[in-house]
Number of protein chains: 2
Amino acid sequence: MARRSDRPTLRTIAEMTGLAVTTVSRALLDAPQIALETRQRVQRVAREIGYQPDRAARHLRTGRTNVISFVLDPHDELLGFSTSMISGLTRALRDTQYHLVITPHFAEAPTLDPIEYILRNRMADGVVFSRTEPKDPRVKLLMENDFPFVSHGRTDLGIEHAFVDYDNAAFARMAVERLVSKGRRRLALILPPDRFMFRRHLRDGFQEAVERAGVASELPGDINLDSDAADLYAWLTWRLRQPDPPDGMVCAGEVSALSLMAALSDQGLTVGSDFDLVVKQTSLLYDEVRPRIDAVYEDISQAGETLGKLLIRRIAGERPSALQFLQEPVPRFTDRGQGTRTAIGARQSA
Amino acid sequence: MARRSDRPTLRTIAEMTGLAVTTVSRALLDAPQIALETRQRVQRVAREIGYQPDRAARHLRTGRTNVISFVLDPHDELLGFSTSMISGLTRALRDTQYHLVITPHFAEAPTLDPIEYILRNRMADGVVFSRTEPKDPRVKLLMENDFPFVSHGRTDLGIEHAFVDYDNAAFARMAVERLVSKGRRRLALILPPDRFMFRRHLRDGFQEAVERAGVASELPGDINLDSDAADLYAWLTWRLRQPDPPDGMVCAGEVSALSLMAALSDQGLTVGSDFDLVVKQTSLLYDEVRPRIDAVYEDISQAGETLGKLLIRRIAGERPSALQFLQEPVPRFTDRGQGTRTAIGARQSA
DNA sequence: CTATCTATTTATAACGTTATAAATCCCATG
DNA sequence: CATGGGATTTATAACGTTATAAATAGATAG
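These numbers were taken from a predicted model, which means no experiment stands behind them.

1. Notes on the sheet that holds strand β1 (residues 67-72) of chain B
Strand pairing in a sheet is mediated by backbone hydrogen bonds. Such pairs are either parallel or antiparallel. Read from one edge to the other, the open sheet built from 12 strands follows the order β11(A)-β5(A)-β4(A)-β3(A)-β1(A)-β2(A)-β2(B)-β1(B)-β3(B)-β4(B)-β5(B)-β11(B), with strand pairing classed as mixed. The strands lining the two open edges of the sheet, one partner per strand, are β11 (324-327) of chain A together with β11 (324-327) of chain B. Between one strand axis and the next, the sheet turns through 20° on average, direction left out of account. Two elements, β1(B) and strand β2 (residues 99-104) of chain B, share 6 bridges in a ladder whose sense is parallel. In the sheet register, B:Val71 faces β2(B), and the bridge partner there is B:Thr103. Running at roughly 155° to strand β4 (residues 149-152) of chain B, helix α13 (residues 300-315) of chain B makes contact with β1, β3 (126-130), β4, β5 (163-166) and β11 of chain B of the sheet.

In C-alpha cells, the structure reads:
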C-alpha cells in the first residue's frame, strides 16, 4: 500500500506540469487537439519519470485487454513444439502493448472449453490455437462472436479466416519423391489421427506423388502420429515380418520417427541401406541422430512469430482473407552435408 | 460496446436480488457480516447467471493481479524444457484465480530485465524463473522488494528463499557409480557454463564419486552444455584421438548427448561396448534412441507443478524456508528393461 | 415505551484511465 | 468594442470492484 503511491500515474504528471489529468492523457495519446508543444512537454516528463500506463485501469475503461492468448495443447508436451511457438509469439509481441497469456487446455476437456472461457470472460483481444479440425468448432464459435484469432492450421468450413499453416501436402510429395529417387518401391505414411485437418493434406500429397511415381503404398490404420511409442514400435516390428513390407516411410512426427527407427534397428535393418525414412523435423534433433536420415524442416518458431503478427493485424481490423500464410517445406536431406546444419543454428541464436 | 452490457456484473445480481452492489460483493466474498441466508441466495444467483468477477476491476481496486509470471529463458528453445515447465505450472494454477503470463527474456538482454519490468509495472503477484546463478541478481532484487518468487535452482547468497531444484550432485554420483560398475575407468563430465549454480552441484557430486571409486576423471574446459552441437562433436572427435581418451561420460543435456553419440558413432565406437554414457533425460526421447543408453530422469513438468504450488503458498505469506524442494534423480538404466518406460508414459497421459 | 445494543445492509469514495461534453482562451472580424 | 470561431484545455462521468464508514432494522434491556 505504501508502495502503491510511488508508482507514477497520470495524476503525478498532471501535478508536475500543472495540467489537468485529462490533458495529460490526451497528450500521451498524441491527440491532435492538444497543442504540439504541450504534447512534447508531457511526453518528455512521462519518459523522465518512467511512466507506464496501468493496464488494469486501461482495460477497465476501454474494454481492451492488450492480451493475446495462446491455447496450450496438452499433446505438445513432447519436444519443443509449444516452446518454439511461444518463443515465436513473444518475438512478434515484443515492443507492442500485448502480453502473452497461456490458456491451458487439459487433455480430458473439450477443445472448445478454453475458447469459451476466453470469450465469456473477455480474457484477451485475440487468440492463437493449433491442431485444427476440418469442421473446427473453435473456428466456428470465434467467427460467430467476431472475435479475432489466427489458427495454426486450416479448416474446411467454407469460411475465410486467418491462419498460418505448413504445406503438409508439399512435404508429403517431397518426401515421396526423395524416397523414390533412392529406389524405394513400397512406401508407408504414418498419418495423424482422423480428426485433424492436416491428415488430409498429408494423405493427398502422399497419394498424388505415389501415383505419379507408380510405386506401391500403404496407410496403416492401427497406429497414428499420436500413438504411444510402444505401439508404433510394436506395429512396425510386426509389419516388417508380414508379406511385402514397406521399404520406405514418411513420418511427420519427430519422436514417432525415433520409435520407428528403434524398431528398424532392433529388426536388424539399417536405415540408409535396407530402408529409408523421411521425417518432418521441427527441432535440431535430427542433425545429431545417427544414422543420419532425411528430414524436412518446419520452422515452428517462425510460425509462432507469423501467427502473432497476423493476429495483431487482425485485431486492428484487417480482413481475414489477407491474413493467411502457408509455410513452405525446407528439405534437409542427408547428402546436403554440413552446410544446412549451421543455417538453422544461426537463425535460432539470432 | 453493445456486447459489454450482456456480461453480468455485481450490478446485475444486485438488481436481480434487490440488494445493493456492496452487499452482493460482500456476500460473494462470504463476509460474516452478511446474513447466511442472503449469502447463499446471492451465491446461487451468481452461479445461475454465470457471474465471473472482472479481473481488471478487481486488480484496479485491490492491487492484486492474480497473475503468475513465468520468465521464458531464450535458451530453452530446444526440446521441451519450457513446455513441460509451463504445462506443470498450468496444472498447479488450475482451479485457482491465477493466470499464467509469459514474460520473455531475449537472449541479448540482461537476466534482470524481465524481473525489473515485472516489479516496476506490478505485472504479477509472483514470478518463476530458472537457471539460477550463485549470486543471482534476480533473487537479490526480488528479496529486496519483498516480491514473491520461486526459483528453479538454488543460489549461494546466504539468503533463505523458495526454490525447486533437481539434485544434480546426486545425479552425478549416480552416473559415476553406474559407469564404474560397468568397468569404465576414465570418466569425463560435460559441465554447464561457469555462471550457473548447478555447475557446482554437478561437479561436486562427480568429483566425490570419482574419488571414492578411485578412477581417473576429466572436466573439459573448451566446451559446455550450451555449446553448439558442432563444437561438442568436434571436441569429442578430437579428444578421442588424443592420449588416454575417456571411456565413459556423464552429460546433463539431452541434445548435447546426441552430439556426443554422433561423434562416438562416427569414430567407430559402439556405445555400450567400447564406451558408456549416462545422460540426464527430461523427455521421452531416450526411450526411443538406439543404441539404448543409460539415462537418469528429471521430471520437469513435475518441477513446474511444484513451483506453481509453492509460489501460491509464498504469495499467501508462508515463510520461504518452508518452501524448498529438492527433486530426487530417477535412474532409468538400460538393464531395467521395458517396465520403467511405461511408468513415465502413464504419468504424462494421466 | 424509550434507549441501547447487535445484526445486517447500504452509501460513499476510490483505484487509474479515457470518452464526451463543456469551458476557456485567444485572435480575427465586422 | 462586442462577436464569432477555432484552438486548446478542463470538468464530469463512467468502466467494475471493494474498503470504510454510516445507516437502518430488529431485538433487548431498562
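From this point, things continue past the structure.
2. Quick notes on the protein's contact with DNA strand D
Around DNA strand D lies a shell of 24 residues, among which A:Thr38, B:Leu10, B:Ser25, B:Tyr51 and B:Arg61 are the nearest. In DNA strand D, atoms within 4 Å of the protein come 61% from sugar and phosphate. The side chain of A:Thr22 places a nitrogen or oxygen atom 3.3 Å from a base nitrogen of DNA strand D. Here a base nitrogen of DNA strand D sits 3.3 Å away from a polar atom, N or O, in the main chain of B:Ala57. For the surface near DNA strand D, the secondary structure elements donating two or more residues are α2 (21-28) and α4 (55-62) of chain A together with α2 (21-28) and α4 (55-62) of chain B.

3. Section: unusual backbone geometry
In most cases, non-glycine residues show a negative phi, while peptide bonds are predominantly trans. Residues and elements named next belong to chain A. The omega torsion across Arg290 and Pro291 is 0°, close enough to zero to call that bond cis. Positive phi is not limited to glycine here, since Asn66 has a value of about 55°. Mapped onto the elements of the fold, Asn66 is located in the loop between α4 and β1 (67-72).

4. Section: the protein's contact with DNA strand C
Inspection of the region around DNA strand C gives 24 residues, with A:Leu10, A:Ser25, A:Tyr51, A:Arg61 and B:Thr38 positioned closest. At the protein interface, 58% of the atoms of DNA strand C within 4 Å belong to sugar or phosphate. Take A:Ser25: an N or O atom from its side chain is 2.8 Å from a phosphate oxygen of DNA strand C. Contact distances for DNA strand C include 3.1 Å between a phosphate oxygen and a backbone N or O atom of B:Ala20. Mapped by element, the contributors of at least two residues to the surface near DNA strand C are α2 and α4 of chain A together with α2 and α4 of chain B. Residues that form the surface near DNA strand C fall into these classes: 10 nonpolar, 8 polar and 6 charged.

5. Regarding the interface of chain B and chain A
In this assembly, 61 residues from chain B lie in contact with 61 residues from chain A. Summed over both partners, the interface of chain B with chain A comes to about 5,300 Å²; 57% of that surface belongs to carbon and sulfur atoms. In this assembly, chain B and chain A are joined by 4 salt bridges. Where chain B meets chain A, there are 13 residue pairs in polar contact (both at pLDDT 80 or more). Going through the elements one at a time, α4, α5 (81-93), β2, α6 (112-120), α10 (229-241), α11 (254-266), α12 (285-288) and α14 (339-349) of chain B are the ones with two or more residues in the side of chain B that touches chain A. Class assignment of the residues belonging to the side of chain B that touches chain A gives a composition of 23 nonpolar, 19 polar and 19 charged. Pairing between strand β2 (residues 99-104) of chain A and β2(B): 3 bridges, direction antiparallel.

6. Brief notes about the packing of α6(B) against helix α7 (residues 137-144) of chain B
All names here are of chain B. Packing of α6 against α7 brings their axes to within 9 Å, and their N-to-C directions diverge by 15°. By the angle between their axes, α6 is roughly parallel relative to α7. Classified by chirality, the crossing of α7 by α6 is right-handed. In contact with Leu112, Ile115, Glu116 and Leu119 of α6, α7 contributes Pro137, Arg138, Leu141 and Leu142. For the contact of α6 with α7, the class distribution of residues is 6 nonpolar, no polar and 2 charged.

7. Some thoughts on the pairing of β4(B)
Residues and elements named next belong to chain B. What you see with β4 is no split at all: Phe149 and Ser151 on one side and Val150 and His152 on the other are buried throughout. The sheet contact formed by β3 and β4 spans 4 bridges and is parallel. In the strand pairing of β4, Val127 is matched with Phe149. Of the crossover connections in this fold, the one passing from β3 over α7 to the parallel β4 is right-handed. Of the pairings in the sheet, the one linking β4 to β5 comprises 2 bridges and is parallel in character.

8. Structural notes on the relation of the copies chain B and chain A
Least-squares fitting of chain B to chain A yields an RMSD of 0.1 Å, with the transformation described by 0.0 Å of translation along the axis and a rotation of 180°. Taken together, the rotation and translation describe the operation of a two-fold axis. Here 98% of the contact residues of chain B are again contact residues in chain A; the copies associate through an equivalent surface.

9. Observations concerning the nonpolar core
Ranked by internal contacts, the top residues of the largest apolar core, which has 92 residues, are A:Ile190, A:Met249, A:Tyr286, B:Ile190, B:Met249 and B:Tyr286. Among all residues touching A:Ile190, those that are not within four sequence positions of it are A:Pro220, A:Ile223, A:Asn224, A:Leu225, A:Leu232, A:Trp235, A:Met249, A:Val250, A:Cys251 and A:Leu260. A:Leu100, B:Met85, B:Ile86 and B:Leu307 belong to the second-largest nonpolar core, a separate cluster that totals 45 residues.

10. What to know about the pattern of salt bridges
Under the definition given, this model contains 58 salt bridges over all chains. The salt bridge partner of B:Arg138 is B:Asp136, with a shortest N-O separation of 2.8 Å. B:Arg138 gets classed as buried once you look at its relative accessible area, which sits at 4%. Residues joined by salt bridges that share partners form a network here, namely A:Arg178, A:Lys182, A:Arg184, A:Asp276 and A:Asp294.

11. A look at the packing of aromatic side chains
For the structure shown, the criterion picks out 4 aromatic pairs over all chains. Ring plane angle 20° and centroid distance 6.0 Å describe the contact between A:Phe129 and A:Phe149, whose orientation is recorded as stacked. In this pair, A:Phe129 is assigned in strand β3 (residues 126-130) and A:Phe149 in strand β4 (residues 149-152), connecting sequence segments 20 residues apart. Looking at A:Phe129, the relative accessible area reads 0%, which means it is buried. Classification of A:Phe149 by relative accessible area gives buried; the value is 3%. On the basis of an interplanar angle of 50° and a centroid distance of 6.2 Å, the ring pair of B:Phe196 and B:Phe198 is categorised as tilted.

12. Section: the sheet that holds strand β6 (residues 186-190) of chain B
Residues and elements named next belong to chain B. Strand order across the open sheet formed by 6 strands is β7-β6-β8-β9-β10-β12, with mixed pairing between neighbours. At either margin of the open sheet sits one strand with a lone partner, and together these are β7 (216-218) and β12 (330-332). Averaged over all neighbouring strand pairs, the angle between strand axes comes to 20°, with direction disregarded. Bridge analysis of strand β9 (residues 276-281) against strand β10 (residues 294-297) gives 4 bridges, and the strand direction is parallel. Across the sheet, Val278 pairs through a bridge with Asp294, a residue of β10. Docked against the sheet, α10 engages β6, β7 and β8 (248-251), running at close to 165° with respect to β6.

What counts and what doesn't
Residues numbered from 1 in each chain as written. Chains lettered and ligands numbered in written order. Predicted model: local features only at pLDDT ≥ 70, side-chain atom pairs only at ≥ 80, totals over all residues. Heavy atoms only, no water. Pairing = 2+ DSSP bridges. Helix = DSSP H or I, 4+ residues; strand = E, 2+ residues; numbered from the N terminus. Axes fitted to C-alpha atoms, helices over the stretch in contact; angles between N-to-C directions. Contact = heavy atoms within 4.5 Å. Near = heavy atom within 4 Å. Polar contact = N/O pair within 3.5 Å; in protein donor to acceptor, adjacent residues only side chain to side chain. Nonpolar A, V, L, I, M, F, W, Y, C, P; charged D, E, K, R; others polar. Buried area = accessible area lost by both parts, 1.4 Å probe. Salt bridge = Lys/Arg side-chain N within 4 Å of Asp/Glu carboxyl O. Parallel < 35°, antiparallel > 145°, perpendicular 65-115°, else oblique. Left-handed = near helix turned anticlockwise from the far one by under 90°. Buried < 20%, exposed > 50% of the residue type's maximum accessible area, 1.4 Å probe, protein only. Right-handed = clockwise from strand over helix to strand, strands pointing away. Least-squares fit on C-alpha atoms with pLDDT ≥ 70 in both. Core = buried A, V, L, I, M, F, W, Y, C linked by side-chain atoms within 4.5 Å. Phe/Tyr/Trp six-rings, centres within 6.5 Å; stacked < 30°, edge-to-face > 60°.

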